[in-house]
Amino acid sequence: MLWHLRARLGYRVARELFHWRWLMQQPRAWTWMQGQFARMAAQGDVSAQSFYGHLLLFRGQGLGAREEGLRLLRLAATAGDGKAAYQLGLISLSGDSRQAPDGAEAARWWTLAAQAGHPLAAHRLAWLYREGGPGLVVDATLAQQFEQRASEFGLG
């Protein structure tokens, strides 16, 4: 039980230090902070998985860091993190060199994000169902439903 408290405390300190730009530029400090993020994410903390997944996806070096970031984002999204699900929807719709754009997969992730209360996901879903996308047909009823949901969140 003490190790869990130590991990949580280290993670909290690392998150606070993350805002100090000059400290993040110090290799030893940055390595220590990444270790704290990784340890908390490995323990199954959803917010740590989302945070560290985003960090690896956008600031990680190499394909391995990107893949680990995506894995952590998938774990967080399936556990109910709206921000992670929204990001996975963006990635699914844009595609990359190894995967073609997939509108149906983007809709699946954005639906999870909208259910978690993410306003941009509902707005994007309305647009996606109104315009259609790769592998997704136009559906005016669903577009209207998500447009209503987005306006409930304050967008629209």
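Everything discussed here concerns the structure shown above.
This section reports on the structure supplied with the text. Worth saying up front: this structure is predicted, and the values here are computed from it rather than measured.

Definitions and cut-offs
- Sequence positions are assigned chain by chain, starting from 1 and proceeding in written order.
- It should be noted that, the model being predicted, local features are given only for residues of pLDDT at least 70 and side-chain atom pairs only at 80 or more, the latter also being counted only at that level, while totals for whole chains, interfaces and linings use all residues.
- In computing side-chain properties, one takes all heavy atoms of the structure into account and sets aside hydrogens as well as water.
- Strands are runs of DSSP state E lasting at least 2 residues, helices are runs of H or I lasting at least 4, and numbering of each runs from the N terminus.
- Throughout this description, buried means an accessible area under 20% of the type-specific maximum (1.4 Å probe, protein chains only), exposed means over 50%, and partly exposed covers the range between.
- Each axis is a line fitted through C-alpha atoms, and for a helix only the stretch in contact is used; angles between axes span 0 to 180 degrees, taken between their N-to-C directions.
- Crossing handedness follows the turn of the near helix against the far one: under a right angle anticlockwise gives a left-handed crossing, and clockwise gives a right-handed one.
- In what follows, residue pairs with any heavy atoms lying within 4.5 Å of each other are defined as contacts.
- Residues are sorted three ways: Asp, Glu, Lys and Arg are charged, Ala, Val, Leu, Ile, Met, Phe, Trp, Tyr, Cys and Pro are nonpolar, and all the rest, Gly among them, are polar.
- In this text, buried Ala, Val, Leu, Ile, Met, Phe, Trp, Tyr and Cys residues form a nonpolar core when linked through side-chain atoms within 4.5 Å.
- Surface patches are defined over residues having more than 30% relative accessible area and no salt bridge, joining like charges when they lie within 9 Å and nonpolar side chains (Val, Leu, Ile, Met, Phe, Trp, Tyr) when within 5 Å.
- In this description, accessible areas are obtained by the Shrake-Rupley approach with a 1.4 Å probe, and a residue is regarded as covered only by the protein chains that are shown.
- The working definition used for a salt bridge is a side-chain nitrogen of Lys or Arg within 4 Å of a carboxyl oxygen of Asp or Glu.
- Stacked, tilted and edge-to-face are the three classes applied to pairs of Phe, Tyr and Trp rings, where Trp contributes its six-membered ring and a pair requires centres within 6.5 Å; stacked means planes under 30 degrees apart, edge-to-face means over 60, and tilted covers the rest.
- A ring has a charge above it when a Lys NZ or an Arg CZ is no more than 6 Å from the ring centre and no more than 35 degrees off the ring normal.

## Here we look at the overall build of the protein
A count of helices and strands for the protein gives nine helices and zero strands. Starting at the N terminus, the α and β elements of the protein follow one another as α-α-α-α-α-α-α-α-α. Seen through its principal axes, the protein has C-alpha atoms that stretch 50 × 35 × 30 Å. Taken across its 156 residues, the protein has 41% of its residues classed as buried.

## Considerations on the packing of helix H7 (residues 103-115) against helix H8 (residues 119-131)
The geometry of H7 relative to H8 is characterised by a closest axis approach of 8 Å and an angle of 145° between their N-to-C directions. The two elements H7 and H8 cross, and the hand of that crossing is left-handed. When H7 is examined against H8, the residues Gly-103, Ala-106, Ala-107, Trp-110, Thr-111, Ala-113 and Ala-114 are found in contact with a partner set consisting of Ala-121, Ala-122, Arg-124, Leu-125, Leu-128 and Tyr-129. Here the contact of H7 with H8 is built from residues that sort into ten nonpolar, two polar and one charged.

## Points about the environment of Ala-106
The topology assignment puts Ala-106 in helix H7. By relative accessible area, Ala-106 is classed as buried at 0%. For Ala-106, the residues in contact, after removing those within four places along its chain, are Gly-89, Ser-92, Leu-93 and Leu-128.

## Considering the nonpolar core
Counting 27 residues, the largest nonpolar core has Trp-110, Leu-125, Leu-128 and Tyr-129 as its most contacted members. Broken down by secondary-structure element, the contributors of at least two residues to this core are helix H5 (63-78), helix H6 (82-94), H7, H8 and helix H9 (140-152). If sequence neighbours within four positions are ignored, Tyr-129 has contacts with Ala-107, Leu-136, Val-137, Val-138, Asp-139, Leu-142, Ala-143 and Phe-146. In this structure, Ala-14, Phe-18, Leu-23 and Ala-48 belong to the second largest nonpolar core, which totals 20 residues.

## Notes on a nonpolar patch on the surface
Taken together, the side chains of Leu-9, Val-13 and Trp-32 present a nonpolar region at the surface, about 280 Å² in accessible area. Tracing the backbone through its elements, the reader meets Trp-32 in helix H3 (residues 27-42).

## Here we look at the side chain of Ser-50
Here Ser-50 is to be found in helix H4 (residues 46-59). Residue class for Ser-50 comes out buried when judged on its relative accessible area of 5%. Every residue in contact with Ser-50, bar those within four places of it in the chain, is listed here: Leu-73, Ala-76, Asp-81 and Ala-84.

## Here we look at the environment of Arg-74
Counting through the fold element by element, Arg-74 comes out in helix H5. For the pair formed by Arg-74 and Gln-61, sequence separation is 13 residues and the distance between their alpha carbons is 19 Å. With residues near it in sequence (within four places) discarded, Arg-74 still touches Leu-88 and Trp-109.

## Focus on the packing of aromatic side chains
What describes a pair of aromatic rings is the distance from one ring centre to the other and the angle between the planes of the rings. Counted under the stated rule, the structure contains nine aromatic pairs. Seen in terms of ring centroids, Phe-37 and Tyr-52 are 6.1 Å apart; in terms of plane orientation they differ by 50°. Their pairing is tilted. Here the residue Phe-37 occupies a position in helix H3, and Tyr-52 occupies one in helix H4, the gap between them amounting to 15 residues. Just as Phe-37 is buried, Tyr-52 falls in that class too. Members of the aromatic cluster, connected to one another through ring pairs, are Tyr-11, Phe-18, Trp-30, Phe-37, Phe-51 and Tyr-52. The lysine or arginine in question, Arg-108, covers the ring of Trp-109, its NZ or CZ lying 4.3 Å from the ring centre.

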